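# Observations on the three-dimensional arrangement
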Amino acid sequence: MISLVTSVMNRADRINPCIESWVSCSEINEIIIVDWSSSLPVRNIITANDKIKIIRVNGETSFLSLCHSFNLGILNASYEQILRIDIDYQLKDPNLFSILKNKKKNIFYTGIGTNIKNFCFLNKNLFLEINGYNEKFIDYGYENFDFYERLKKSNYEMLNIDDIYKYIYHNPNAEIRFLEKPKQGFNFGHEDGTITVIAKGKVGYIKPLMIVIFRNEGKTPPPIPLVDESTSSLGS
């Protein structure tokens, strides 16, 4: 069974066509959307569906922590197989899953080298083994290369789907552009363990590797924004 994981902040115009294509696909059993403090909450934009789970993170003013959002989403995925894609990737041919069904547990699929470069399909245990995405990255794009290289160093094989564009449509004018860079006062915190598990208002940490960025002007790191439980699931 497959959990699709994506994250978003303020891209309402691109959400619905893509989500509709995911919901209609019988191969996708769960859709996790990490709503990173969108000014208009995602739950107010999309049509409710039993497949969809929204994790709302409050208190963020910019989308610099893309890795943090995907770590949060994948850690909350219910199923072993993970499909990680961007919010503006629209599934146009479900025959993609006939390729992915043949996947062995020591293989992961990517779209590197295409305009669907943020596509990744893998087993969740691979993600956990290398401690997820490296939250030191605060821009966009390089986190994938780092993630794939660490998987390969752990003796997992990367298979690239060169014709991924046949199965997924990506609007070439919809690329994320981060214009905002870290301001004075940014520093790193919680170096003793930083993949966050956010559930029922609690934050826990597992293996040391990742670093969460806090805007704290050199002071003690503030609490990580907690999931708004009232919006964590469309079904509730």
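Conventions used here
- Residues numbered from 1 in each chain as written.
- Predicted model: local features only at pLDDT ≥ 70, side-chain atom pairs only at ≥ 80, totals over all residues.
- Heavy atoms only, no water.
- Helix = DSSP H or I, 4+ residues; strand = E, 2+ residues; numbered from the N terminus.
- Polar contact = N/O pair within 3.5 Å; in protein donor to acceptor, adjacent residues only side chain to side chain.
- Buried < 20%, exposed > 50% of the residue type's maximum accessible area, 1.4 Å probe, protein only.
- Pairing = 2+ DSSP bridges.
- Contact = heavy atoms within 4.5 Å.
- Axes fitted to C-alpha atoms, helices over the stretch in contact; angles between N-to-C directions.

Turning our eyes to something else, we now look at the environment of Asn 58. Looking at the secondary structure, you find Asn 58 in the loop between β3 (52-57) and α2 (66-75). Looking at Asn 58, its side chain comes within polar contact range of the side chain of Arg 56, at 2.8 Å.

Let's shift gears to unusual backbone geometry. Although it is not a glycine, Ser 37 adopts a positive phi angle of roughly 60°. Among the residues examined, Ser 37 registers a relative accessible area of 10% and is labelled buried. Not every positive phi belongs to a glycine, and Asn 155 is a case in point at roughly 70°. Positionally, Asn 155 belongs in the loop between α5 (142-153) and β8 (157-160). Under the relative-accessibility criterion, Asn 155 is labelled exposed at 68%.

As a further point, take the pairing of strand β4 (residues 81-84). Where strand β1 (residues 2-8) and β4 come together, four bridges link them in parallel fashion. Within β4, the position partnered with Ser 3 by the bridge is Ile 82. The pairing of β4 with strand β7 (residues 120-123) spans four bridges and is antiparallel. Note that in β7 the partner of Gln 81 across the bridge is Asn 123.

Quick look at the environment of Ile 99 now. Inspection of the secondary structure assignment puts Ile 99 in helix α3 (residues 96-100). Under the relative-accessibility criterion, Ile 99 is labelled partly exposed at 26%. Through-space distance from the C-alpha of Ile 99 to that of Ile 161 is 9.2 Å; in sequence the pair is 62 residues apart. Setting aside anything within four residues of it in sequence, one finds Ile 99 in contact with Tyr 109 and Tyr 167.

Turning next to the side chain of His 170. Here His 170 lies in strand β9 (residues 168-170). Only 3.4 Å separates the side chain of His 170 from the side chain of Asp 88, close enough to count as a polar contact.

The pairing of strands in a sheet happens through backbone hydrogen bonds and is either parallel or antiparallel. Taken in spatial order, the seven strands make up an open sheet running β3-β2-β1-β4-β7-β6-β8, and their pairing is mixed. Across the chains shown, the open sheet's two edge strands, defined by having one partner strand only, are β3 and β8. Here the average twist between neighbouring strands, direction ignored, is 20°. Looking at chain direction, strand β6 (residues 107-110) and β8 are connected through four bridges and run parallel. Counterpart to Ile 107 in the pairing with β8 is Glu 157. Strands in contact with α2 are β1, β2 (30-36), β3 and β4; relative to β1, the strand with the most contacts, it is inclined by about 150°.

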